[in-house]
Amino acid sequence: MSEAIRFRIDYRDGAVRAGTLSTAHGDVATPAFLPVGTRGTVRTLDSRDLVEAGVQIVLANTYHLMLRPGADVVESLGGLHRFMGWDRPILTDSGGFQVFSLEPKVDEDGVVFRSAYDGSEVRLTPEEAVVIQERLGPDIAMVLDVLVGLPAPVETVRGAMQRTLRWAERALETHRRSDQALFGIVQGGTEIDLRLESAAATAALGFSGFGIGGLSVGEGAEDRNAVLEAVVGELPEVKPRYVMGLGDTEGVLDAVERGCDLFDCVWPTRLARHGKVLSPYGDYSIRRAEFAGDGAPIDEECPCLTCRRYTRAYLRHLHTTGEMLGPRLLSVHNLTYTLGMLAESREAIAAGGFAAYRSALLAKRASGPSERPLR
Ligand SMILES: [Zn+2]
């Protein structure tokens, strides 16, 4: 496989590392968070908002884009970067996560599901997932993996993990595009022995990076951290490690601590649309009555547009009246907060002080500002 991306480790602080992921559309300083642009848009935000929030790389969903507007349309318009008006790096998922949530028919060849848009029957195979992502044109594509809902019998989890490995080989054989990297995905639920087997075998296939899938599906932090520790030990040191679907402060810091580099989640923007604020002083709802006359911003120290210009009283008003600006302003803030937390983590790693940074932030979040106890 040609090297569509390069990954360099810039700083190490024990198991923790900070690196640079280089792509044809620029560099990503890690650890990094990818906001989710489900249908080719991070809801309510445009490209300029994303840049201002500190976003370096976005995720787009293959499942949605293959159905609407279709990979052929995106390709004919010059690919996803031009279609979205985003000239920085893009990663697409394979569609697996959405497809498996639709309870598809699964066999060794692939999956058959009904489109959520028009009910038509759609077939997706490991090969087609690669071809579709080559047409969409992200910098990083993901293999189609097999997901199981947990808890599930060990034999079911093992079967899904082993099929994911066979599908990964088929994806690698199909992948042609030299300016695009393909990442494998480690599966195996919360079974440590299955995770070890999956990580070692996926690593042996020689991908340019590795997703760690099937987490953030309701398992406890202890189980998740045990899985991450086991998997990281089997993956090559000099390739990026991407924890799929993880985006809350505590979870991301746990994963950074264990040597993971990339994270994506709908969390910061989905919560924003529901009026929930993320902050170094804890997370809370802007709808609370106590903010009705509050003339302070969400966070005095936050550099985002929302905190520079608007009060909690105004944000609460927008959310309680259902104004469209409300979700947008909170999305700007929540992404700025999440990306800022990762930028600070990187600085702390460079200075050899990640553990101290992490415990200070967690303590601040647990205590909340004394004049405003939260939740
Ligand atoms: Zn802010």
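Above: the structure in question.
By convention here, each chain's residues receive numbers from 1 onward along its written sequence. Totals for whole chains, interfaces and linings use every residue, but because this is a predicted model, local features are given only for residues with pLDDT of at least 70 and side-chain atom pairs only at 80 or more, for both listing and counting. Only heavy atoms go into the side-chain values, all of them from the structure, while hydrogens and water stay out.

Caption draft 1: Focus on the sheet that holds strand β1 (residues 6–13). Spatially, the three strands line up as an open sheet ordered β1-β2-β3, and their pairing is antiparallel. Looking along the sheet, the strands with just one partner apiece sit at the ends: β1 and β3 (26–29). Direction aside, the axes of adjacent strands within the sheet are offset by 15 degrees on average. At least two DSSP bridges between two strands are required for those strands to pair. Elements are defined by DSSP. Helices are runs of H or I of four residues or more, strands are runs of E of two residues or more, and each kind is numbered from the N terminus. Angles run from 0 to 180 degrees between N-to-C directions of axes, and those axes are lines fitted to C-alpha atoms, restricted for helices to the stretch in contact.

Caption draft 2: Representation of the layout of surface pockets in the model. For cavity detection a 1 Å grid was placed over the protein atoms alone, and a set of points counts as a cavity when a 1.4 Å probe fits there but cannot get out; an open set counts as a pocket when protein lies on both sides within 12 Å along at least five of seven lines, with lining residues being those that have an atom within 4 Å of a point. Grid points are joined across faces, edges and corners, and a volume is the space filled by probe spheres set on the points. Taken as a whole, the largest pocket spans an internal volume of roughly 700 Å³. Counting residues per element, the ones that place at least two in the lining of the largest pocket are α5 (96–101), β14 (262–265) and α11 (267–273). Here the element with the most residues in the lining of the largest pocket is α11; it accounts for five residues. A per-class count over the lining of the largest pocket returns 14 nonpolar, 13 polar and six charged. In this structure, the second largest pocket encloses a volume near 380 Å³. Lining the second largest pocket are 19 residues; nearest its centre among them are Pro280, Tyr337, Gly340, Met341 and Glu344. For the lining of the second largest pocket, the secondary-structure elements that each account for two or more residues are α14 (325–350) and α15 (354–367). A total of eight residues in the lining of the second largest pocket trace back to one element, the largest contributor, which is α14. The classification used treats Ala, Val, Leu, Ile, Met, Phe, Trp, Tyr, Cys and Pro as nonpolar, Asp, Glu, Lys and Arg as charged, and all other residues, Gly among them, as polar.

Caption draft 3: Focus on the coordination of the zinc ion. For Na, K and Ca the donor cut-off is 3.2 Å, and for all other metals it is 2.8 Å, counting N, O and S atoms only; because water is absent from this set, sites may look incomplete. Listed as protein donors to the zinc ion are Cys302 (SG), Cys304 (SG), Cys307 (SG) and His333 (ND1); their distances from the metal cover 2.1 to 2.3 Å. For the zinc ion, the four donor atoms in the first shell make angles of 98 to 119 degrees at the metal, a pattern classed as tetrahedral. Summarised as a motif, the one-chain spacing of the donors to the zinc ion is C-x1-C-x2-C-x25-H. In this pair, Cys307 sits in helix α12 (residues 305–309) while His333 sits in helix α14, placing the two residues 26 residues apart along the sequence. Of the two residues, Cys307 and His333, both sit in the buried class. Tetrahedral means four donors with every angle between 85 and 135 degrees, whereas square planar (four donors) and octahedral (six donors) require angles over 155 degrees between opposite donors and between 65 and 115 for all others; sites fitting neither are termed irregular. A simple rule labels every residue: compare its accessible area, found with a 1.4 Å probe on the protein chains alone, to the largest value its type can have, and call it buried under 20%, exposed over 50%, or partly exposed in between.

Caption draft 4: Helix α9 (residues 221–234), seen in detail. By this rule the span expected of a helix is its residue count minus one, scaled by 1.5 Å. Helix length check: α9, at 14 residues, gives a terminal C-alpha distance of 20 Å against a target of 20 Å (1.5 Å per residue), a fit within 8%. Within α9, burial applies to Arg224, Asn225, Val227, Leu228, Ala230, Val231 and Val232. In what follows, residue pairs with any heavy atoms lying within 4.5 Å of each other are defined as contacts. The inward-facing, buried residues of α9 abut β11 (181–186), α8 (192–204), β12 (209–212), β13 (241–243) and α10 (249–257).

Caption draft 5: Fine view of the sheet that holds strand β8 (residues 111–114). Read across the sheet, three strands follow the order β7-β8-β9 without closing on themselves; strand pairing throughout is antiparallel. Either end of the sheet is taken by a strand with one partner, and the two such strands are β7 (105–106) and β9 (121–124). As defined by bridge partners, β7 adjoins β8 across two bridges and the pair is classed as antiparallel. Bridging across to β8, Val106 finds its partner in Val111.

Caption draft 6: The side chain of Arg241, seen in detail. Following the sequence through the fold, Arg241 ends up in strand β13. Overall, the relative accessible area of 3% leaves Arg241 in the buried class. Separated by 2.8 Å, the side chain of Arg241 and the backbone oxygen of Gly259 make a polar contact. Ignoring sequence-local partners within four residues, the contact set of Arg241 consists of Arg17, Phe210, Val232, Leu235, Pro236, Gly259, Cys260, Asp261 and Leu262. For the purposes of these results, a polar contact is taken to be a pair of N or O atoms within 3.5 Å, where, inside protein, one atom must be able to donate a hydrogen and its partner to accept one; residues adjacent in sequence count only when each atom of the pair is a side-chain atom.

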